[in-house]
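# Understanding the architecture of this molecule
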Amino acid sequence: MTGETEQKILEAALNLFAEKGYTGATTRVIAEEAGVSELTLFRKFKTKKNLFDTIISQNLEKMKKDLQSILINKKFNSNGEFLETFIKNYVESVEENFEVFFLVINDGTGEFEQSLSEFFRESAEYIEKNIGNSNIDPEAFALTIAGFTYIICIEKHKGRTIFNQEEVIKNFINNSVKCVQ
């Protein structure tokens, strides 16, 4: 279990890494933002890299569990019902975990490639299991949903209102249903 001090550091670091990137987010600023000394930060996490890795692994796991707990073993009456549930919950999960999703998607090191690949593969398997349409490539469809979700969430996160988010999600779901029929 993470203590209160560790949690403050993790939250401050996640926000700063998402805002400034790994290099731009200094341990001094992270410690200040968390209301602790830099020495405390290093005592708890040893290195900046360890802090970053802890944030990513904890949050990716949480995101995966959130999505799985919503959908796993649920029976759907139609492709439309499945897609509406899946896409809405996917968007909600990414919105709730936007900073970590943003960091992993934009990571230039390739360090999270395996985790990201696994996440997309599990989404594709879930889509394949519930849609059962052999004309649909579930991996490409999972990536399409992820790309759509990323754009929707980044627009919201940046405070932009280029489009009505609810309407665009509804239309994306409707178009997705038409594609799998």
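Everything below is about the structure shown above.
The model shown is predicted, which means the values in this text are computed figures rather than measured ones. Along each chain, numbering runs from 1 in the same order as the chain's sequence is written. The predicted origin of the model limits local features to residues at a pLDDT of at least 70 and limits the giving and counting of side-chain atom pairs to 80 or more, whereas totals for whole chains, interfaces and linings rest on all residues. As a rule here, side-chain values come from all non-hydrogen atoms in the structure, and water together with hydrogens is ignored.

## Examining the packing of aromatic side chains
Selection criterion: Only the six-membered ring of Trp is used, alongside the rings of Phe and Tyr, when aromatic pairs are assigned; centres must lie within 6.5 Å, and planes under 30 degrees apart are stacked while those over 60 apart are edge-to-face, with the rest tilted. The rule is simple: take the accessible area with a 1.4 Å probe, protein chains only, and divide by the maximum for that residue type; under 20% is buried, over 50% is exposed, in between is partly exposed.
Enumeration over the complete set of coordinates arrives at 14 aromatic pairs. Note on Phe76 and Phe82: the rings are 5.2 Å apart at their centroids and 75° apart in plane angle, and the pair reads as edge-to-face. Each member of the pair, Phe76 as well as Phe82, is classed as buried. Consider the rings of Phe82 and Tyr126, whose centres lie 5.7 Å apart with planes at 50°: the pair is tilted.

## Comments concerning a negative patch on the surface
To keep it simple, the criterion reads: Nonpolar side chains (Val, Leu, Ile, Met, Phe, Trp, Tyr) within 5 Å and like charges within 9 Å form the patches, drawn only from residues with over 30% relative accessible area and no salt bridge. With residues, only the protein chains shown are counted as cover, and all accessible areas are computed by Shrake-Rupley using a 1.4 Å probe. Salt bridge criterion: a side-chain nitrogen from Lys or Arg within 4 Å of a carboxyl oxygen from Asp or Glu. Residues scored as positive are Lys and Arg, those scored as negative are Asp and Glu, and His as well as the terminal groups of each chain are ignored. By convention, the charge on Lys lies at NZ, on Arg at CZ, on Asp at CG and on Glu at CD. Each helix is a run of DSSP H or I of at least 4 residues and each strand a run of E of at least 2, with the numbering of both proceeding from the N terminus.
A grouping of Glu125, Glu128, Asp137 and Glu139 is seen on the molecular surface, where their side chains present a negatively charged patch. Position of Glu139 relative to the elements: it lies in helix 8 (residues 138-157).

## Structural notes on helix 1 (residues 4-24)
Test applied: A helix's residues, less one, multiplied by 1.5 Å, set its expected span. We define the bend at any residue as the angle between the axes fitted to the seven residues before and including it, ending there, and the seven starting there.
End to end, helix 1 covers just 25 Å across 21 residues, shorter than the expected 30 Å (1.5 Å per residue, more than 12% under). Of all bends in helix 1, the biggest is about 85°, found at Ala18. Among the residues of helix 1, Ile9, Leu10, Ala12, Ala13, Leu14, Leu16, Phe17 and Ala18 are the ones counted as buried.

## Topic: the pattern of salt bridges
The full count for this structure, using the stated rule, is six salt bridges. Of the charged contacts, one joins Lys8 and Glu4 as a salt bridge, the two residues approaching to 3.8 Å between their closest N and O atoms. On the criterion of helical spacing, the pair formed by Lys8 and Glu4 is a turn pair, its members being four residues apart in helix 1. On the basis of relative accessibility, which here comes to 41%, the residue Lys8 falls in the partly exposed class.

## Focus: the side chain of Ser123
For clarity, the cut-off: Here, residues are in contact when the closest pair of their heavy atoms is within 4.5 Å.
Take Ser123: it is sitting in helix 7 (residues 113-131). When its relative accessible area of 5% is taken as the criterion, Ser123 is described as buried. Excluding its chain neighbours within four sequence positions, the residues that come into contact with Ser123 are Phe86, Tyr90 and Ala142.

## Some remarks on the packing of helix 1 against helix 3 (residues 38-45)
Cut-off, in case you're wondering: For helices, the axis comes from a line fit to the C-alpha atoms of the stretch in contact; other axes are also lines fit to C-alpha atoms, and the angle between any two N-to-C directions lies between 0 and 180 degrees. An angle below 35 degrees is treated as roughly parallel, one above 145 as roughly antiparallel, one from 65 to 115 as roughly perpendicular, and anything else as oblique. Just so you know the grouping, Ala, Val, Leu, Ile, Met, Phe, Trp, Tyr, Cys and Pro go in nonpolar, Asp, Glu, Lys and Arg go in charged, and all remaining residues, Gly too, go in polar.
The interhelical angle for the contact between helix 1 and helix 3, taken along N-to-C directions, is 105°, at an axis separation of 11 Å. Here helix 1 is positioned roughly perpendicular relative to helix 3, judged by the angle of their axes. For the pair helix 1 and helix 3, the contacting residues are Thr5, Glu6, Ile9 and Leu10 in the first and Thr40, Leu41, Lys44 and Phe45 in the second. Per-class residue counts for the contact of helix 1 with helix 3 are four nonpolar, two polar and two charged.

## Here's the deal with the nonpolar core
For clarity, the cut-off: To define a nonpolar core, start from buried Ala, Val, Leu, Ile, Met, Phe, Trp, Tyr and Cys residues and group those joined through side-chain atoms within 4.5 Å.
Phe17, Ile30, Leu51 and Tyr90 are the most contacted members of the largest nonpolar core, which has 59 residues in total. Counting residues per element, this core draws most heavily on helix 8, at nine residues.

## As for the packing of helix 7 against helix 8
Put simply, the test is: Helix crossings fall into two classes, left-handed where the near helix is turned counterclockwise from the far one by less than a right angle and right-handed where it is turned clockwise.
The interhelical angle for the contact between helix 7 and helix 8, taken along N-to-C directions, is 115°, at an axis separation of 8 Å. Between helix 7 and helix 8, the crossing angle belongs to the class labelled roughly perpendicular. Judged by the twist between their axes, the crossing of helix 7 over helix 8 is right-handed. Residues Phe120, Ser123, Ala124, Ile127, Glu128 and Ile131 of helix 7 form the contact with helix 8, whose own contacting residues are Pro138, Glu139, Phe141, Ala142, Leu143, Ile145 and Ala146. Classifying every residue of the contact of helix 7 with helix 8 gives 10 nonpolar, one polar and two charged.

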